[in-house]
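Next come the chains, spelled out residue by residue.
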Amino acid sequence: MRKRLSLLLVLFLGGIVIMTGCRENKNSRQWIENKVSAVSRVYPTEDLFDLFKEFPEGFEIYQEETAQDEGISTRVEITIIGEAKTKKIEGVLKKILVETNPYSEEILMSIPVTYKNGQFNFSDEDNAQEIWRYGGFLFQKLSLSKEYLSNLKYSSKSYDSITTDYDLTYKMKNKEIQSFFNLAVTREVNIEISGSEANDQYGYKHSLLIRKDPDIYNFRETVSTLEENKNAE
(Lines give C-alpha, C1' and ligand atoms only; values in the text may rest on other atoms or scores of the structure.)
Protein backbone atom coordinates (compact mmCIF):
# COMPACT_ATOMS: atom_id res chain seq x y z
CA MET A 1 0.00 0.00 0.00
CA ARG A 2 2.83 2.36 0.95
CA LYS A 3 4.64 1.58 -2.30
CA ARG A 4 1.47 2.37 -4.25
CA LEU A 5 0.99 5.68 -2.42
CA SER A 6 4.63 6.55 -2.98
CA LEU A 7 4.29 5.81 -6.69
CA LEU A 8 1.16 7.98 -6.94
CA LEU A 9 2.95 10.80 -5.12
CA VAL A 10 5.92 10.60 -7.48
CA LEU A 11 3.61 10.65 -10.50
CA PHE A 12 1.66 13.60 -9.07
CA LEU A 13 4.78 15.64 -8.33
CA GLY A 14 6.21 14.73 -11.71
CA GLY A 15 3.08 16.01 -13.36
CA ILE A 16 3.37 19.31 -11.53
CA VAL A 17 6.97 19.68 -12.66
CA ILE A 18 6.03 18.95 -16.26
CA MET A 19 3.13 21.40 -16.18
CA THR A 20 5.31 24.08 -14.64
CA GLY A 21 8.03 23.50 -17.20
CA CYS A 22 5.55 23.81 -20.06
CA ARG A 23 3.94 26.97 -18.72
CA GLU A 24 4.46 29.98 -20.96
CA ASN A 25 6.73 32.73 -19.74
CA LYS A 26 4.41 35.61 -20.54
CA ASN A 27 6.93 38.18 -19.40
CA SER A 28 9.51 37.11 -21.98
CA ARG A 29 10.31 39.20 -25.02
CA GLN A 30 9.48 36.25 -27.28
CA TRP A 31 5.98 35.76 -25.88
CA ILE A 32 5.10 39.47 -25.83
CA GLU A 33 6.58 39.98 -29.29
CA ASN A 34 4.43 37.15 -30.65
CA LYS A 35 1.46 39.14 -29.37
CA VAL A 36 2.43 42.65 -30.44
CA SER A 37 3.46 41.47 -33.90
CA ALA A 38 -0.28 41.20 -34.62
CA VAL A 39 0.00 44.87 -35.60
CA SER A 40 1.29 43.60 -38.96
CA ARG A 41 -2.40 42.97 -39.80
CA VAL A 42 -2.81 46.74 -39.95
CA TYR A 43 0.66 48.25 -40.47
CA PRO A 44 0.68 49.16 -43.31
CA THR A 45 -2.82 49.78 -44.74
CA GLU A 46 -2.81 52.74 -47.08
CA ASP A 47 -6.52 52.65 -47.94
CA LEU A 48 -8.81 52.51 -44.90
CA PHE A 49 -11.38 50.48 -46.84
CA ASP A 50 -8.89 47.60 -46.91
CA LEU A 51 -9.38 47.27 -43.16
CA PHE A 52 -12.76 45.68 -43.90
CA LYS A 53 -10.82 42.71 -45.30
CA GLU A 54 -9.12 42.22 -41.92
CA PHE A 55 -12.13 43.21 -39.85
CA PRO A 56 -15.34 42.34 -41.74
CA GLU A 57 -17.29 42.99 -38.53
CA GLY A 58 -16.22 46.64 -38.59
CA PHE A 59 -13.42 48.61 -36.98
CA GLU A 60 -12.56 51.67 -34.93
CA ILE A 61 -9.49 53.88 -35.32
CA TYR A 62 -8.41 56.37 -32.68
CA GLN A 63 -5.50 58.79 -32.78
CA GLU A 64 -4.53 61.44 -30.27
CA GLU A 65 -1.71 63.87 -29.72
CA THR A 66 -1.10 65.92 -26.60
CA ALA A 67 0.70 69.24 -26.50
CA GLN A 68 1.61 71.97 -24.05
CA ASP A 69 2.15 75.60 -24.93
CA GLU A 70 2.86 78.21 -22.24
CA GLY A 71 1.19 76.08 -19.59
CA ILE A 72 -1.88 75.33 -21.69
CA SER A 73 -2.54 71.65 -22.39
CA THR A 74 -4.49 70.54 -25.44
CA ARG A 75 -5.35 67.22 -27.03
CA VAL A 76 -6.20 66.68 -30.67
CA GLU A 77 -8.06 63.43 -31.24
CA ILE A 78 -9.77 61.79 -34.17
CA THR A 79 -12.08 58.78 -33.98
CA ILE A 80 -13.05 56.90 -37.14
CA ILE A 81 -15.66 54.13 -37.33
CA GLY A 82 -15.84 51.63 -40.20
CA GLU A 83 -19.43 50.33 -40.15
CA ALA A 84 -19.69 46.76 -41.46
CA LYS A 85 -23.26 46.83 -42.83
CA THR A 86 -23.07 50.13 -44.71
CA LYS A 87 -19.32 50.08 -45.40
CA LYS A 88 -19.30 53.75 -44.44
CA ILE A 89 -16.23 55.21 -42.76
CA GLU A 90 -17.08 58.25 -40.68
CA GLY A 91 -15.95 59.98 -37.53
CA VAL A 92 -15.13 63.20 -35.75
CA LEU A 93 -12.03 65.32 -35.20
CA LYS A 94 -11.78 67.23 -31.91
CA LYS A 95 -9.52 69.76 -30.28
CA ILE A 96 -9.83 69.67 -26.50
CA LEU A 97 -8.56 72.01 -23.80
CA VAL A 98 -7.36 70.08 -20.75
CA GLU A 99 -7.19 71.64 -17.28
CA THR A 100 -5.36 69.73 -14.56
CA ASN A 101 -6.22 71.51 -11.29
CA PRO A 102 -9.00 70.58 -10.96
CA TYR A 103 -9.17 68.25 -13.94
CA SER A 104 -11.59 69.27 -16.67
CA GLU A 105 -11.97 69.10 -20.43
CA GLU A 106 -13.50 71.59 -22.83
CA ILE A 107 -14.13 70.78 -26.48
CA LEU A 108 -12.84 73.73 -28.51
CA MET A 109 -13.61 72.25 -31.93
CA SER A 110 -15.60 69.25 -33.13
CA ILE A 111 -15.50 68.58 -36.88
CA PRO A 112 -17.31 65.64 -38.56
CA VAL A 113 -15.32 63.71 -41.15
CA THR A 114 -16.05 61.09 -43.80
CA TYR A 115 -13.55 58.96 -45.70
CA LYS A 116 -14.22 58.26 -49.37
CA ASN A 117 -12.08 57.52 -52.43
CA GLY A 118 -8.93 57.58 -50.31
CA GLN A 119 -9.62 61.05 -48.96
CA PHE A 120 -10.69 62.54 -45.63
CA ASN A 121 -13.51 65.01 -46.14
CA PHE A 122 -14.22 67.42 -43.27
CA SER A 123 -17.22 69.64 -42.71
CA ASP A 124 -14.72 72.43 -41.95
CA GLU A 125 -11.63 71.83 -44.06
CA ASP A 126 -9.71 74.95 -43.01
CA ASN A 127 -9.90 74.32 -39.27
CA ALA A 128 -9.34 70.58 -39.76
CA GLN A 129 -6.08 71.20 -41.60
CA GLU A 130 -5.02 73.64 -38.90
CA ILE A 131 -5.53 71.31 -35.92
CA TRP A 132 -4.80 67.89 -37.51
CA ARG A 133 -1.31 68.35 -38.80
CA TYR A 134 -0.83 64.73 -39.89
CA GLY A 135 -3.79 64.48 -42.24
CA GLY A 136 -3.70 60.69 -41.91
CA PHE A 137 -2.73 57.74 -39.74
CA LEU A 138 0.71 56.33 -39.07
CA PHE A 139 -0.43 52.81 -40.01
CA GLN A 140 -1.02 54.09 -43.56
CA LYS A 141 2.73 54.68 -43.88
CA LEU A 142 4.58 52.43 -41.45
CA SER A 143 5.40 48.77 -42.12
CA LEU A 144 5.76 46.50 -39.10
CA SER A 145 6.32 42.76 -39.00
CA LYS A 146 7.45 40.19 -36.47
CA GLU A 147 10.80 39.83 -38.22
CA TYR A 148 11.36 43.58 -38.26
CA LEU A 149 10.45 43.97 -34.58
CA SER A 150 12.67 41.07 -33.50
CA ASN A 151 15.70 42.87 -34.95
CA LEU A 152 15.08 46.07 -33.01
CA LYS A 153 16.56 46.90 -29.65
CA TYR A 154 14.03 47.24 -26.88
CA SER A 155 14.08 49.26 -23.67
CA SER A 156 11.28 47.67 -21.66
CA LYS A 157 8.60 44.98 -21.64
CA SER A 158 5.81 44.01 -19.29
CA TYR A 159 2.93 41.62 -18.73
CA ASP A 160 0.24 42.07 -16.06
CA SER A 161 -1.20 38.72 -15.01
CA ILE A 162 -4.29 40.38 -13.50
CA THR A 163 -5.34 42.66 -16.38
CA THR A 164 -3.54 40.49 -19.01
CA ASP A 165 -2.18 43.72 -20.54
CA TYR A 166 1.16 43.45 -22.31
CA ASP A 167 3.51 45.90 -23.98
CA LEU A 168 6.96 46.10 -25.50
CA THR A 169 8.90 49.33 -26.01
CA TYR A 170 11.44 49.66 -28.81
CA LYS A 171 14.02 52.29 -29.63
CA MET A 172 13.72 53.02 -33.31
CA LYS A 173 15.10 55.15 -36.11
CA ASN A 174 12.73 54.81 -39.04
CA LYS A 175 12.35 56.97 -42.14
CA GLU A 176 8.55 56.62 -42.22
CA ILE A 177 8.30 57.77 -38.61
CA GLN A 178 10.81 60.58 -39.14
CA SER A 179 8.84 61.77 -42.17
CA PHE A 180 5.44 61.43 -40.48
CA PHE A 181 6.50 63.45 -37.43
CA ASN A 182 8.88 65.71 -39.32
CA LEU A 183 11.85 64.61 -37.22
CA ALA A 184 15.55 64.79 -37.97
CA VAL A 185 16.89 61.68 -39.70
CA THR A 186 19.14 60.98 -36.72
CA ARG A 187 16.28 61.20 -34.19
CA GLU A 188 15.55 58.04 -32.23
CA VAL A 189 12.13 57.64 -30.65
CA ASN A 190 10.59 55.23 -28.17
CA ILE A 191 7.69 53.23 -29.60
CA GLU A 192 5.50 51.19 -27.30
CA ILE A 193 3.16 48.58 -28.77
CA SER A 194 0.52 47.33 -26.39
CA GLY A 195 -2.45 45.00 -26.23
CA SER A 196 -4.38 42.71 -23.92
CA GLU A 197 -5.18 39.02 -23.88
CA ALA A 198 -8.69 39.99 -22.76
CA ASN A 199 -9.18 41.89 -26.02
CA ASP A 200 -7.45 39.20 -28.08
CA GLN A 201 -10.17 36.71 -27.12
CA TYR A 202 -12.93 38.79 -28.69
CA GLY A 203 -11.26 40.63 -31.51
CA TYR A 204 -8.32 42.91 -32.12
CA LYS A 205 -7.12 45.95 -30.23
CA HIS A 206 -3.55 47.19 -30.33
CA SER A 207 -2.12 50.60 -29.59
CA LEU A 208 1.08 52.24 -30.71
CA LEU A 209 2.49 55.00 -28.51
CA ILE A 210 5.26 57.37 -29.50
CA ARG A 211 7.41 58.81 -26.72
CA LYS A 212 9.55 61.75 -27.79
CA ASP A 213 10.18 62.37 -24.09
CA PRO A 214 11.17 59.05 -22.44
CA ASP A 215 8.63 59.50 -19.64
CA ILE A 216 5.68 61.04 -21.49
CA TYR A 217 3.90 59.80 -24.57
CA ASN A 218 2.95 62.49 -27.07
CA PHE A 219 1.10 60.40 -29.63
CA ARG A 220 -1.14 57.35 -29.55
CA GLU A 221 -2.85 55.41 -32.31
CA THR A 222 -5.23 52.49 -31.71
CA VAL A 223 -6.99 50.17 -34.13
CA SER A 224 -9.64 47.75 -32.88
CA THR A 225 -12.68 45.77 -33.82
CA LEU A 226 -15.88 47.53 -32.83
CA GLU A 227 -16.73 47.31 -29.14
CA GLU A 228 -20.44 46.83 -29.89
CA ASN A 229 -19.64 43.69 -31.89
CA LYS A 230 -17.41 42.33 -29.10
CA ASN A 231 -20.21 42.78 -26.58
CA ALA A 232 -22.69 41.05 -28.84
CA GLU A 233 -20.66 37.84 -28.99
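Parameters and conventions
- Residues numbered from 1 in each chain as written.
- Predicted model: local features only at pLDDT ≥ 70, side-chain atom pairs only at ≥ 80, totals over all residues.
- Heavy atoms only, no water.
- Phe/Tyr/Trp six-rings, centres within 6.5 Å; stacked < 30°, edge-to-face > 60°.
- Helix = DSSP H or I, 4+ residues; strand = E, 2+ residues; numbered from the N terminus.
- Lys NZ or Arg CZ within 6 Å of the ring centre and 35° of its normal.
- Buried < 20%, exposed > 50% of the residue type's maximum accessible area, 1.4 Å probe, protein only.
- Polar contact = N/O pair within 3.5 Å; in protein donor to acceptor, adjacent residues only side chain to side chain.
- Pairing = 2+ DSSP bridges.
- Axes fitted to C-alpha atoms, helices over the stretch in contact; angles between N-to-C directions.
- Contact = heavy atoms within 4.5 Å.

This next bit is on the packing of aromatic side chains. Counted according to the given criterion, the structure contains 19 aromatic pairs. Ring centres 5.8 Å apart and planes at 40 degrees place the aromatic pair F49 and Y115 in the tilted group. Taken together, the positions of F49 in the loop between α2 (29-36) and α3 (51-54) and Y115 in strand β4 (residues 103-116) put the pair 66 residues apart, joining distant regions of the chain. Here F181 and F219 contribute two aromatic rings whose centre-to-centre distance is 5.0 Å and whose plane-to-plane angle is 85 degrees, an arrangement assigned as edge-to-face. Linking F181 in the loop between α6 (175-180) and β8 (189-196) with F219 in strand β10 (residues 219-225), this pair joins segments that are 38 residues apart in sequence. Sitting above the plane of the F52 ring, K87 keeps its charged end 5.1 Å from the centroid.

Quick look at the environment of E125 now. Position of E125 relative to the elements: it lies in helix α4 (residues 125-131). Here E125 falls in the partly exposed class, since its relative accessible area comes to 30%. A C-alpha to C-alpha distance of 9.4 Å links E125 and V113, two positions 12 residues apart in sequence. From its side chain, E125 meets the backbone nitrogen of F122 in a polar contact 2.8 Å long.

Looking now at the sheet that holds strand β3 (residues 89-100). Paired through their backbone hydrogen bonds, the strands of a sheet run either parallel or antiparallel. Pairing in this open sheet of 10 strands is antiparallel, and the strands run β5-β4-β3-β2-β1-β10-β9-β8-β7-β6 from one edge to the other. Two strands lie at the open edges of the sheet, namely β5 (119-122) and β6 (153-159), each paired on one side alone. Strand-to-strand twist across the sheet, computed as the mean angle between neighbouring axes with direction ignored, equals 20 degrees. Direction of pairing for strand β2 (residues 72-82) relative to β3: antiparallel, over a ladder of 10 bridges. Among the inter-strand pairings, S73 is bridged to a residue of β3, identified as V98. Contacting β6, β7 (165-172), β8 and β9 (205-211), α2 crosses the sheet at an angle of about 90 degrees to β7.

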